[in-house]
Structures are given as structure tokens and as C-alpha cells.
Amino acid sequence: KVVVGDQDGVITCFGIKKGEPVPVFKTLPGQKIARLELGGALNTPQEKIFVATGSEVRGFTKRGKQFLSFETNLTENIKAMHISGADLFLCASYIYNHYCDCKDQHYYLSGDKINDVLCLPVDKVNCITPVLACQDRVLRVLQGSDLLYEAEVPGPPTVLALNNGNGGDSGEEVVYGTSDGKLGLIQITGSKPIPKWEIGNEKKRGGILCIDSFDILGDGVKELLVGRDDGVLEVYNFESADDPVLRYDHALSESIASIQGGCVGKEGYDEILVSTYSGWLTGLTTEPVHREDGSGGELKLSQEMQSKISSLRNELECLQMKVLQEREKYQQSSQSSTAVSSVPAFSVNDKFTLNKDDASYSLILEVQTAIDNVLVQSDVPIDLLDVDKNSAVVSFSSCDSEPNSNFLLATYRCQANTTRLELKVRSIEGQYGTLQAYVTPRIQPKTCQVHQYQIKPLSLHQRTHSIDHDRPMNTLTLKGQFSFAEIHSWVVFCLPEVPEKTPAGESITFCFQNTFLGTQLESTYRKGEGCFKSDNISTISILKDVLSKEATKRKINLNISYDINEESVKHTLKLIHPKLEYQQLLAKKVHLIDALRELQVHEGNVDFLLPKYRSILEEADQLLEEYKRQPAHLERLYGMITDLFIDKFKFKGTNVKTKVPLLLETLDGCDQDGLIAFFEAA
């Protein structure tokens, strides 16, 4: 049997007989179901159904009879839930609660948003050890109401699962998936975390939303089933005892909300069952679908399969007729004198995240019905980058940036049945504002939803666990009559990945890395004082401008002091220069391609060319692809070097804007030492 909880608050339980779903029970609609878990007494079949809706937990038997309604009185909606025997673990955005037999036991306030929770198996580790997956790239391990320790992971963890479904031999092994697509196994011992293995996201696939362990290959070892937000389903197999190996993958068109292995459709054949964002349930079976025909050995669909296809066709035709009738009915009622117009509600599942690999932002928009078009508007200069998976047709409109600061206006027209759209944008640090997406689905009457995304002043910075203190650092110090909450709100305004809630305690330190250049920033602040250290002088300059502007808005006097390290400019130039050289060379090669191709056509062969030109011709397609994928990359680097030049002298009180044209001339074909010499001579 399969049980599913949906966005309308309906719990549906069904089985499959002869390829057709047979309902067992269905509840009435209500608040959206955030989590659904199976539970029961320890070491017995887990057959009781528990769902979290709003701040309430309900329990149902496998026949659909409600036996529990527990109102937790949490101020926020439940986001994550785990059940182990009589113990119930619940998390809202920042709050963790542990209940035993519906009685409050423990409570913990997390420093950042909690994405998932689980508890190590009590029968193996003999104590209750809850593990929280938190947005600030750590797993927090609790003991009672206190933090036992933090385990650092390589990305923001979105989902946790016990290894093998039971925590492995020790019961301490936890598998985590991150929002940037990484997968790892960590052993949560009583005193410290031990990382076992980690799989990066080499194929640039989506973030991980769900994990399950099930022996789908029938080899006696449970495989790891993984569902991602770009619709990719993966099966990892443990061939050797060490790292898992990707054995199978399958691409669906929508994000995978949940994944489970089991036997549903036909006895003797296991399946992987997934549910997607818009409500589709899809099963992948181990049953052979094709049967060999004795005569010519041709592959033919089984009789059962053919009848299934024809019944699906009939069902589809009935649905299309029903839609047409309803549409006509709506048209007639909307034109009558007593008509009342109603706006159809639809939910948009959106995600705006910074990619570390190419320092760009991914904007993913997903709607439960097909998307007609998406209009993207920005009041700051940003570049739209190419996305391979994107089949929408994009058209740009010219916009006037002067009177109403409108820098980008682009429309994505989607093909039929597109429910998920992925865009990539790259921002410029120091330029901040709002990116807006107007989403119009294919529903009648036409409706549009606007979603806003903040592009922050230091938008290319990403949280990191620690920084290298041996680098030459510049320091910015602020002092003034401001509260801890006020300075925290300014830091939230400036930098991504900072929790909106003011941290507990007297002071806080956050570390960041610039994903484009690899420079770093450390911010430490408390009531009345803030200290920001970075090896990039431009980062300090942006912070100084934005923080003083924010303080002026609130009429707060700031005492700003800075300590500039001359060595840091050389250090930053050394980080930029290899990128600059590579991009200049790429641009030169791309400019030569057309001329070389013309030569090739005229001469018939290219043996007379120098090897370096022959290699350009051989790699022409890859070079053009790379150049197209990152437009304006070279201009970006020129902009960064120019900003660095201006900022270096700004702190000395000198205006060098007149020397910028000379700097740009120097940049063409200038080596690293020449560039450093120009900075020092100016």
C-alpha cells in the first residue's frame, strides 16, 4: 500500500491491482500537509500514519481511522518531523521540540533555519540523540535541550536519513543531502562527528530533496535512492565497502518531493516510487516490460501493457472533454449579468541560490500547472547566462535605465507542458536592488504572480566555516549608538546566507568567501561595535558605503575607522590575473575561429597551419560554447580591477578616475608584474 499527503491537506492511501490503483481511504481537505511519516511501537511493523499540518500532528491507522490529534501550540508551522516509538521530534523554522507520549520533553533554539530532523535508533545507541540539519552548513547534534556538538558539512543540508534505514551496524551513520547537490555519510558518535564519504555534484545536477535506502537490485545490500529538485532520480550502489557508485539515473520533468522503494504493483517485482511537486506519482519497476516474441525475436509490448495504454488514452480523452465543458460553462457564467470574477490560486515553488562553481545565481521556478511565460525585471545591472536544460524562448526588451533604474527586461516563453523553469543570472558586487519574476501559468482566467529576490551588495559571497588568517587583511571598524539587532539587520541587508533572526548571545562572527575570486571576509559584531576584515579592499569599500548609508537612514552617528594593508592589493591582483589571462586568451581564440574556418574552406586542408591554430580549429565548438556560456566575463574582470584601483586610492583620499582609461589600455596583454607595477606607480 502507498500513502500520500498533498498540498490540499488530503491523505490518500491506495494499492495497485492489475495495474489499476485501488483506493483504501481518503481524508477530507484541510491545511497543507508539511510532513508524513510512518510510526508504531519500536521493533514492530511501522503501520501508523502521522502527518504534520500547520502546528498540529494527526495520527491515522492503516484503515484511515484517526486516533490522534495533537495541537503543539507552536507559533510557527511545522517544517520537519521524525517519529521513533513514543517519541515525536518536531521542528519549525528555528525551534526544535521533543515530545514523549505528547508530553513536552526538550526544547532547543537553533542559530539558523532547520531543514530536517532525525533521531539515531534508540535500540542501537541506547540514548535519544536528535540531529538537526541547519541552513548554515552544519548538523547540530543535541543531548536533551543542549547542543552536544556541531558537524560541518559541505553545503546547506536539506535532508537527513539513517544509513541503510537503520543507521548502519553502529546505528550512528547518517546520510545527508545538500541544496547544492552533494551527498555524504557522517558517523555521529557520542563525542565527535566522523565523516565517512562525500560525493560532490560533478554533473551540476539539482539539490537533493529526498533519500531512501532499499535493495532494488536484489543483491542483498540496500542501495541509496536519491531524488533531486531538477527531477533526476539516482540509484547508488555500494560495490566496495567505501564509496557508493551511481548505478542508474532517470530524469523526470519536475522536482521529486518524495522517494520510496517497495513492492506495490506486482508481487515479486520491487519498485521505486516517487511523487513530484505537481502531484504525479511515478513508479519505476524491476519487472521486464518487453517480452520476446518466439517467431522473429522481436520485442513486443505485453498484452497487459497495451490494454493499459489504451485505457490511459481513454481516460485522457474523457478528461479533455471535461475540461472543455467546464471552460465553456465558465465562459457563459462570466458573461452573465450576475458574474463574479474569481482569481485562480496557484502556488509557485521557487529557489534563488548562489552556485559556488561559477559564481552565478540559479533562479528555479516551479508551478503545479504548465507555465505560459515568465517576465524577468531587474533594477540592477545583471547578466542572464545560458542554461542547457532550459527550452524556453527568451526575448529581451530595451529598457531605459536612467529615470526609473530599469536594467533588465526579458521574457521567457515556455513550450507546452513546461512546469519548471531554471534561469541563471550573475550580479556585480556593489550594485544592489531587486530582481522580480512575473509568473503567468496556462490557466483561465489569465493570472500572474510576482516574486521578488534581493540582490545584495556583496551578492557573490557565500558562508564558509573558517578563513585563512595568514592572508594580508584590511580592517573596517564601526562604533556607534546602535543595538545588536540593528547591526545584524545591516549585515543581513549586505550579505547572503545570514539568518534573519538576531543571534542569541552578546556577539557573533560570520565567515564568507567570494565565489568569483576566492577572497574572504570575516565579520564580528556586537552592540555598539562591528569589525569587518577582508583581503579584498573593494569588499571593505562596499561595506563602508552601504553600512554608512543604512546608519544615516536611521539617523545613527557612526564612527568609522579603517586599517588598509597595501599588500592585500597585490594579493587580490594575483588572484584575479590568472582568470584574466585565461579569458583574454579565450576571447582571442574565438575571434580567430571565423578566419581560420575560411582558410580551411579555401585550402581544403589545414596541415600548413601552426599546431596552435590547428588546435583552435579542432576545439572550435567547445571554445564557442564556453564563450557563449559566460558572456561579459572579461568585462567583469576589467570592472573588478578598475574598482580595486579606484578603491585603493579612495582610502588614501585620492581620486584616480582620470587614470582609468590608461589602466584599461595596460590590461590588454599586460603580465601580472606589469599590472602590479602600474598600481604601485599610480
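Residues numbered from 1 in each chain as written. Predicted model: local features only at pLDDT ≥ 70, side-chain atom pairs only at ≥ 80, totals over all residues. Heavy atoms only, no water.

A.B. asks: Any chance you could explain the confidence of the model for the protein chain here in plain terms?
C.D. replies: For residues with low pLDDT, the predicted coordinates do not support detailed interpretation. With 97% of its residues at a pLDDT of at least 70, the protein chain reaches an overall mean of 88. Here residues 293–298 scores under 50 on pLDDT; set against residues more than four positions off or in separate chains, the count is 5 contacts. (pLDDT = per-residue confidence, 0-100. Contact = heavy atoms within 4.5 Å.)

A.B. asks: Where do I start with the packing of helix H9 (residues 633–650) against helix H10 (residues 660–667) in this structure?
C.D. replies: A pair of packed helices is characterised by two quantities: the angle between their axes and the separation of those axes. Two elements in contact, H9 and H10, have axes whose closest approach is 11 Å; the angle formed by their N-to-C orientations is 135°. Regarding the angle of H9 to H10, the classification is oblique. In terms of crossing hand, the pair formed by H9 and H10 is right-handed. Residues Tyr-638, Ile-641, Thr-642, Phe-645 and Ile-646 of H9 lie in contact with H10, whose contacting residues are Val-660, Leu-663, Leu-664 and Leu-667. (Axes fitted to C-alpha atoms, helices over the stretch in contact; angles between N-to-C directions. Helix = DSSP H or I, 4+ residues; strand = E, 2+ residues; numbered from the N terminus. Parallel < 35°, antiparallel > 145°, perpendicular 65-115°, else oblique. Left-handed = near helix turned anticlockwise from the far one by under 90°.)

A.B. asks: I would appreciate a short explanation of the nonpolar core in the present structure.
C.D. replies: One broad rule of soluble globular proteins: the nonpolar side chains tend to lie buried together. Grouped together as the largest cluster of nonpolar side chains are 78 residues, with contacts concentrated most on Val-374, Ile-641 and Phe-679. For this core, the element with the highest residue contribution is H9, accounting for 8 residues. Leave out the neighbours within four places in its chain, and Phe-679 touches Val-569, Leu-573, Ile-641, Leu-644, Phe-645, Lys-648, Phe-649 and Leu-663. If you look at the next biggest cluster of nonpolar residues, it comprises 16 residues, including Val-125, Val-141, Ala-151 and Ile-188. (Core = buried A, V, L, I, M, F, W, Y, C linked by side-chain atoms within 4.5 Å. Buried < 20%, exposed > 50% of the residue type's maximum accessible area, 1.4 Å probe, protein only.)

A.B. asks: What should I look at first to understand the domain arrangement of the protein chain in this one?
C.D. replies: Much of the literature gives interface size as the accessible area that the parts lose upon coming together. Per the domain assignment, the segments making up the protein chain are domain 1 (2–207), domain 2 (208–286), domain 3 (348–455), domain 4 (461–564) and domain 5 (569–681). Look at where the C-alpha atoms of domain 1 and domain 2 centre, and you get two points 18 Å apart. Contacts between the two partners involve 26 residues from domain 1 and, on the opposite side, 26 residues from domain 2. Taking both partners together, domain 1 and domain 2 bury about 1,900 Å²; carbon and sulfur atoms supply 61% of that area. Among the residues of domain 1 in contact with domain 2, Trp-197, Arg-205 and Gly-207 are the three that bury the most area, contributing 28% of the side total. At the surface where domain 1 touches domain 2, the tally comes to 2 salt bridges. Among the salt bridges present, the one from Asp-249 reaches Arg-205, with a minimum N-O distance of 2.6 Å. At the junction of domain 1 with domain 2, the criterion picks out 10 residue pairs in polar contact (both at pLDDT 80 or more). Those elements that place two or more of their residues in the side of domain 1 that touches domain 2 are strand S1 (2–5), strand S2 (11–17), strand S16 (157–162), strand S17 (173–178) and strand S19 (193–199). For the side of domain 1 that touches domain 2, the per-class residue count stands at 12 nonpolar, 11 polar and 3 charged. (Domains from an automatic or database assignment. Buried area = accessible area lost by both parts, 1.4 Å probe. Salt bridge = Lys/Arg side-chain N within 4 Å of Asp/Glu carboxyl O. Polar contact = N/O pair within 3.5 Å; in protein donor to acceptor, adjacent residues only side chain to side chain. Nonpolar A, V, L, I, M, F, W, Y, C, P; charged D, E, K, R; others polar.)

A.B. asks: What is the right way to look at the packing of aromatic side chains in this model?
C.D. replies: Aromatic ring pairs are described here by two measures, namely the spacing of the ring centres and the angle between the planes. If you walk through the whole model with that rule in mind, you get 14 aromatic pairs. Residues Phe-484 and Tyr-525 carry aromatic rings whose centres are separated by 5.9 Å and whose planes lie at 55° to one another, so their mutual orientation is tilted. Pair noted here: Phe-484 is in helix H4 (residues 484–494) and Tyr-525 is in strand S41 (residues 520–526), with a separation of 41 residues, a long-range link. When sorted by exposure, Phe-484 lands in the same class as Tyr-525, which is buried. Ring geometry for Phe-510 against Tyr-525: centres 6.4 Å apart, planes inclined by 45°, an arrangement best described as tilted. Here Phe-510, found in strand S40 (residues 507–514), pairs with Tyr-525, found in strand S41; they are 15 residues apart in sequence, far enough to count as distant. Tyr-525 sits in the buried class, given a relative accessible area of 1%. One aromatic cluster in this structure is built from Phe-484, Phe-510, Phe-512 and Tyr-525. Positioned above the aromatic ring of Phe-67, the side-chain terminus of Lys-48 is 5.9 Å from the ring centre. (Phe/Tyr/Trp six-rings, centres within 6.5 Å; stacked < 30°, edge-to-face > 60°. Lys NZ or Arg CZ within 6 Å of the ring centre and 35° of its normal.)

A.B. asks: Looking at this structure, I do not really get unusual backbone geometry. What am I missing?
C.D. replies: Glycine aside, the phi torsion of most residues is negative, and most peptide linkages are trans. At Cys-102, a position not held by glycine, the phi torsion is positive, near 65°. Relative to the elements of secondary structure, Cys-102 occurs in the loop between strand S10 (95–100) and strand S11 (103–109). You can call Cys-102 partly exposed: its relative accessible area is 34%. Within the chain, Asn-126 stands out as a residue other than glycine whose phi angle is a positive 60°. Mapped onto the secondary structure, Asn-126 falls in the loop between helix H1 (122–125) and strand S13 (130–134). Note on Asn-126: relative accessible area 64%, which makes it exposed.

A.B. asks: Help me out: how do you make sense of the packing of helix H6 (residues 566–603) against helix H11 (residues 672–681) in this one?
C.D. replies: Close contact between H6 and H11 brings their axes to 10 Å; oriented N to C, the two are set at 145°. In this structure, the crossing between H6 and H11 has a hand that is right-handed. The segment H6 lies against H11, with Val-569, Lys-570, Leu-573, Lys-574 and His-577 engaging Gln-672, Leu-675, Ile-676, Phe-679 and Glu-680. Tallied by class, the residues present in the contact of H6 with H11 amount to 5 nonpolar, 2 polar and 3 charged.

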